[in-house]
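# Results of the structural survey
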Amino acid sequence: LPPSLVLSLVRHVHSLVACDSSIVPQMDAAIRRIAAGTGTGTSSVGDGTEGDSTSNSRGNNLVSVLAAILSSTIDKSDVGNEHDGSDGQHSSSLPPFPGTQASDRRPDLVTEVLRVMFALRA
């Protein structure tokens, strides 16, 4: 997904978490269902509440998704690197983080992910 779209999604998550933090267990359960490939059904995946044995069992929760977004955003300059074979250098199609162009939304995305993690107290 383009960084601008992911930024928009993360901002919406931040708004939801800020409005009602009790939604986080439901988000965690939805993420686990998606990761398990069970769609929107309520199979054996728990609801993320205390006493739920599947809560955070495989690291499929909101914090792990945010951490993955943060990592891939910062490391994005390494994606698509091709080894040119001549002098041991790698050529990149993306500028290193943070980019210098105004259209590069990666710094905004990193800031917003950190804001959500702060709101989650993660």
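All of the points below concern the structure found in this document. (Residues numbered from 1 in each chain as written. Predicted model: local features only at pLDDT ≥ 70, side-chain atom pairs only at ≥ 80, totals over all residues. Heavy atoms only, no water.)

### Here's the deal with the side chain of Arg106
Under the convention used in this document: Secondary structure counts use DSSP, requiring at least four H or I residues in a row for a helix and at least two E residues in a row for a strand, with both numbered from the N terminus. We call a residue buried when its accessible area falls under 20% of the maximum for its residue type, exposed when it is over 50%, and partly exposed in between, using a 1.4 Å probe and counting protein chains only.
Counting through the fold element by element, Arg106 comes out in helix 4 (residues 106-120). For Arg106, a relative accessible area of 4% translates into the label buried.

### Notes on the nonpolar core
Put simply, the test is: We define the nonpolar core as a collection of buried residues of types Ala, Val, Leu, Ile, Met, Phe, Trp, Tyr and Cys that are connected through side-chain atoms lying within 4.5 Å of one another.
If you look at the biggest cluster of nonpolar residues, it comprises 18 residues, and the most contacted ones within it are Val10, Val17, Leu62, Leu66, Leu109, Val113 and Leu120. Of all the secondary structure elements, the ones that give two or more residues to this core are helix 1 (3-19), helix 2 (24-36), helix 3 (62-74) and helix 4. For this core, the element with the highest residue contribution is helix 4, accounting for six residues.

### A look at the environment of Leu70
Among the secondary structure elements, Leu70 is positioned in helix 3. Spatially, the C-alpha atoms of Leu70 and Glu112 are 9.5 Å apart, while their sequence positions differ by 42 residues.

### Let's talk about helix 3
Threshold: Helix span, as expected, comes to 1.5 Å for every residue beyond the first. Read the arc as the range of directions from the helix axis to the C-beta atoms. Contacts are assigned to residue pairs with any non-hydrogen atoms lying within 4.5 Å of each other. Any N or O atom pair separated by 3.5 Å or less is treated as a polar contact, with the protein-specific requirement of one donor-capable and one acceptor-capable atom, and with residues adjacent in sequence counted only for side-chain atom pairs.
With 13 residues, helix 3 ought to run about 18 Å at 1.5 Å a step, and its terminal C-alpha atoms sit 18 Å apart, in line with that. Within helix 3, burial applies to Leu62, Leu66, Ile69, Leu70 and Thr73. Relative to the axis of helix 3, the buried residues are bounded by an arc of 100° and lie together on one face. Packing partners of the buried residues in helix 3 comprise helix 1, helix 2 and helix 4. Here helix 3 starts with a cap whose side-chain oxygen sits 3.2 Å from the backbone nitrogen of Val63, and that cap is Asn61.

### Quick word on the packing of helix 1 against helix 4
Defined as follows: Note on geometry: axes are lines fitted to C-alpha atoms, helical ones only across the stretch in contact, with angles between N-to-C directions running from 0 to 180 degrees. An angle below 35 degrees is read as roughly parallel, one above 145 as roughly antiparallel, one from 65 to 115 as roughly perpendicular, and any other as oblique. Each crossing is labelled by how the near helix is turned from the far one, with a counterclockwise turn of less than a right angle marking it left-handed and a clockwise turn marking it right-handed.
Interhelical geometry of helix 1 versus helix 4 gives an angle of 20° and a closest axis separation of 9 Å. By the angle between their directions, the pair helix 1 and helix 4 is classed as roughly parallel. For the pair helix 1 and helix 4, the crossing hand works out as left-handed. Across from Pro3, Val6, Leu7, Val10, Arg11, Val13, His14 and Val17 in helix 1, the residues of helix 4 making contact are Arg106, Asp108, Leu109, Glu112, Val113, Arg115, Val116, Ala119 and Leu120.

### A word on the pattern of salt bridges
Condition: The salt bridge criterion pairs a side-chain nitrogen of Lys or Arg with a carboxyl oxygen of Asp or Glu, the two atoms within 4 Å.
Applying the stated criterion across every chain, the model contains four salt bridges. Two residues, Arg11 and Glu112, come together in a salt bridge whose shortest N-O distance is 3.8 Å. Placement of the pair is Arg11 in helix 1 and Glu112 in helix 4, with a sequence separation of 101 residues. Of the residues examined, Arg11 reaches a relative accessible area of 39% and is grouped as partly exposed. Put simply, Arg11, Glu112 and Arg115 are held in one network by salt bridges that share partners.

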